[in-house]
Amino acid sequence: TAELAAAGLRVDRAFDDRSAKAQMRAANRSGARLAAIVGDAEVDAGTVEVKDLESGDQTTVARAELAEHLRGLL
């Protein structure tokens, strides 16, 4: 989140014990357009799952390319 905020993007994060489904519902209710999902597998691979909360489309993006990818979607 710090890297994305430094890149000029508005971000929030959730590190609580809710399920991924509950966190996606909360993101939808917040009015967020996109969600970046980082689990253990993504950390190991150096990737981030980006979910478009409007269309439901989900793509895998290299962490180094995340800010630019998000800007392209917005």
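Below or above, wherever it landed, is the structure these notes cover. What you are looking at is a predicted structure, and each value in this text was computed from that prediction instead of being measured. (Residues numbered from 1 in each chain as written. Predicted model: local features only at pLDDT ≥ 70, side-chain atom pairs only at ≥ 80, totals over all residues. Heavy atoms only, no water.)

**Re helix H4 (residues 66–73)**
Test applied: Think of it in three bands: residues with accessible area under 20% of the maximum for their type are buried, residues over 50% are exposed, and the middle band is partly exposed, with areas taken using a 1.4 Å probe on protein chains only. Only DSSP runs of H or I reaching four residues or more are called helices, and only runs of E reaching two or more are called strands; each is numbered from the N terminus. Directions drawn from the helix axis to the C-beta atoms are what define this arc. A contact between two residues is defined here by any heavy atoms of the two lying within 4.5 Å.
Along H4, the positions that sit buried rather than exposed are Leu66, Ala67 and Leu70. The buried side chains of H4 occupy one side of the element, clustering within an arc of 95° when seen end-on. Residues of H4 that are exposed and angled more than 90 degrees away from the buried face: Glu68 and Gly72. Looking at the packing, one finds that the buried side of H4 touches helix H1 (2–6), strand S1 (34–37), strand S2 (47–52) and strand S3 (58–62).

**Observations concerning the environment of Ala5**
Within the secondary structure, Ala5 sits in helix H1. Taking the C-alpha atoms as reference, Ala5 lies 12 Å from Glu68; in sequence the two are 63 residues apart.

**Some details on the environment of Ser55**
You can see Ser55 is positioned in the loop between S2 and S3. The spacing of Ser55 and Arg33 is 22 residues in sequence and 9.5 Å in space, taken between C-alpha atoms.

**Description of the pairing of S2**
Put simply, the rule is: In this description, strands pair whenever DSSP reports at least two bridges between them.
Of all six residues in S2, five are buried; the element is thus mostly enclosed. The sheet contact formed by S1 and S2 spans four bridges and is antiparallel. Looking at the pairing, Ile37 lines up with Glu49 of S2. Of the strand pairs in this sheet, S2 and S3 are connected by five bridges, and their pairing is antiparallel. The residue bridging Thr47 from the neighbouring strand is Ala62, located in S3. Two successive antiparallel strands, S2 and S3, enclose a turn made up of five residues, where Gly56 displays a positive phi of approximately 90°.

Keep in mind that these numbers describe shape and distance, not what the molecule does.
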